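So the chains spell out like this:
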Amino acid sequence: MTMIEETVRADASIDLRGEVCPHPVMLTLEQLDRMQTGQVLLVVADCPPALRSIPFEVVRHGHRVIGEPICDGPDIRILIEKTGERVADFPCCCNAKG
Amino acid sequence: MTAPARASVAREPKAASASLPALAADPSPQEHPVTHPIHALFARHWRPTPTLVAAGLLAALYYGFTGGLWAVTGEFTRWGGNLLQLCGVDVGSWAYFKAVALKGHPWDRPDGWMIAGMFLGAMTSALASREFKFRAPARHRRWVQGLIGGLLAGFGSRLAMGCNLASFFTGLPQFSLHSWLFIVGTAFGAWIASRLVMTAWFRGAPKLSETPVYVVAQAATSRASFAGLFGVAVLLALAMLNLYLGHAKFAGVMVAGAAFGVLLQRGQICFTSALRDLWLTGRTTMAKAIILGMAAQTVITAILIARGMTPIIHWASPGALFGGVMFGLGIVIAGGCETGWMYRLMEGQTHFVAVALGNVIGATVLAYGWDHWGLAQTLAVAWPEIDLVKTLGMTGALAATFAFLAACYAFVVFREARYLQTVRRPAVTPLTSEA
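Residues numbered from 1 in each chain as written. Chains lettered and ligands numbered in written order. Predicted model: local features only at pLDDT ≥ 70, side-chain atom pairs only at ≥ 80, totals over all residues. Heavy atoms only, no water.

Moving on, we come to the overall build of chain A. Across its full length, chain A holds two helices and six strands. Its helices and strands taken in sequence order, chain A reads β-β-α-β-α-β-β-β from the N to the C terminus. Burial statistics for chain A: of 98 residues in total, 71% are counted as buried. Across chain A, the fraction of contacts at a sequence separation of at least 24, relative to all contacts at a separation of at least 6, is 66%. As presented, chain A carries roughly 3100 Å² of accessible surface, and 50% of it is formed by carbon and sulfur atoms. (Helix = DSSP H or I, 4+ residues; strand = E, 2+ residues; numbered from the N terminus. Buried < 20%, exposed > 50% of the residue type's maximum accessible area, 1.4 Å probe, protein only. Contact = heavy atoms within 4.5 Å. Areas by Shrake-Rupley, 256 points an atom, 1.4 Å probe, with all protein chains shown as cover.)

Moving on to the environment of Ala354 of chain B. Residues and elements named next belong to chain B. Locating Ala354 in the fold gives a position in helix α16 (residues 351–372). Assessed through its relative accessible area of 8%, Ala354 is described here as buried. With 204 residues separating them in the primary sequence, Ala354 and Gly150 have C-alpha atoms 7.4 Å apart. With near-sequence residues (within four places) excluded, Ala354 lies in contact with Trp143, Gly146 and Leu147.

Once that is clear, we can look at helix α2 (residues 48–66) of chain B. Between its first and last C-alpha, α2 of chain B extends 26 Å over 19 residues, near the 27 Å set by a 1.5 Å rise per residue. Every buried residue belonging to α2 of chain B is among Pro48, Thr51, Leu52, Ala55, Gly56, Ala59, Ala60, Tyr62 and Tyr63 of chain B, and all of these are buried. Those residues of α2 of chain B that are buried are in contact with α2 (50–60) of chain A together with α5 (110–128), α7 (165–169), α11 (248–267) and α13 (285–306) of chain B. Just beyond α2 of chain B, the residue with positive phi is Gly67 of chain B, at close to 75°. (Expected span 1.5 Å × (residues − 1).)

This part is about helix α18 (residues 388–420) of chain B. When the terminal C-alpha atoms of α18 of chain B are compared, their 37 Å separation across 33 residues is substantially less than the 48 Å that a helix rising 1.5 Å per residue should span. The largest bend in α18 of chain B comes to about 100°, at Met394 of chain B. For α18 of chain B, the set of buried residues is Leu388, Val389, Ala397, Ala400, Thr401, Phe404, Leu405, Val412, Arg415, Glu416 and Tyr419 of chain B. In this fold, the buried residues of α18 of chain B make contact with α2 and β6 (85–86) of chain A together with α8 (177–196), α12 (271–280), α13 and β4 (423–424) of chain B. The N-capping residue of α18 of chain B, defined by a side-chain oxygen 2.9 Å from the backbone nitrogen of Val389 of chain B, is Asp387 of chain B. (Bend = angle between axes of the 7 residues up to and from the residue. Polar contact = N/O pair within 3.5 Å; in protein donor to acceptor, adjacent residues only side chain to side chain.)

All quantities given are derived from atomic positions and should not be read as evidence of function.
Written out as structure tokens, the structure reads:
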């Protein structure tokens, strides 16, 4: 097992501990909408479904997950590079770009 | 087994000092590597489709052995009745409590033991996978949200004679038309609520830091823990007690309930997210898995009914449809359905205490209004109980049920495709499937 592989600089971090669905996913996507392409966001969450839903949703929205989600006990940390873009708001979603 | 990359917030370079305040340091060194098959089961979440197909098959077997459904809200309603009895209210004359057979205490009823098993199974699973943690909601309004959502869901599900189980996941395979109405109603209610929860009041502002943080990747270790053995010990002790007292059925349904609890927690089975994300982000993995789980259950249930078992049919009434709308609204506002709050509570999410309370109160209010406000006559009992097997024959009932499931599946695929049109992805990004 390699101990240290890569050091990544996260430009911003968002603490979503204590939030329940759908907020971890929606707040992550909205924060990525506000960032520049190529910037990296660190997400911290503690809602178990976020371990699966955040990486899945950000990749679906064209972003890149750096490495794998990190589980530190019940806390989950995810590094995301903004590479995608939402071109229009979903008809059923309110104005996500705030 | 390959180890996925793992990272933690670095202590160097020094510029990283202004990271998020309360982050834990390096992970504890006592974590065990994945070496044992049982350990591997709790090291990561299970994929939704196999988990829900397993839950569907288990639910069909549960029906085969007990003649009853895997269901929870009927028992929640009886808890409300028991609480009123404790307060000295005579509920014996309430028609709804007669309909759901309120007798004795929760520990005198098989459903009570099945639910105890579900709690224990979910707790075992959460402990074994290190997902237990007391989490208070990030903002106070979540308590209000949980209580109101729970109330709506409790009231609506009992108006329809079942929640996401008896009127949905285990109701449809019984060929009862009321569950078709409930499913359509729930999807509509979830649509209304998915717009509601995206308003500013519901969202609130997250804790954001724009100071750069340095993060390093490390080798991963397993997340499984032996703490789950505690739950197994409690379960075994209660099963032995029931066998000693001569209640073999209680022990059996409790063990089945525990299996359901483990499946729900390990698969993170969430009807709320399945219905809500359909409208919110077009994520459909869970919805498709639920449909496939119901399809598998339908096949086994059809065999059991063909061999002479009595299906459980309820009124195909406006109550089933309106109850579904209220239920869909309630679960999305609350953040969890009737089965969802059970395992989320066992993961230590205190938010779901409010949802549980709301559920019992909502179900009890419905039980009161059933005869006192004339809800039964207006919305339920005046409509026929439609058993598709009696109406269309077994072949027709199977064809109709599978056509309905196929239509649901097609709708889900359509929603996802429509949503993805609003996203521009770089060509290099691989679109992975949900693990």
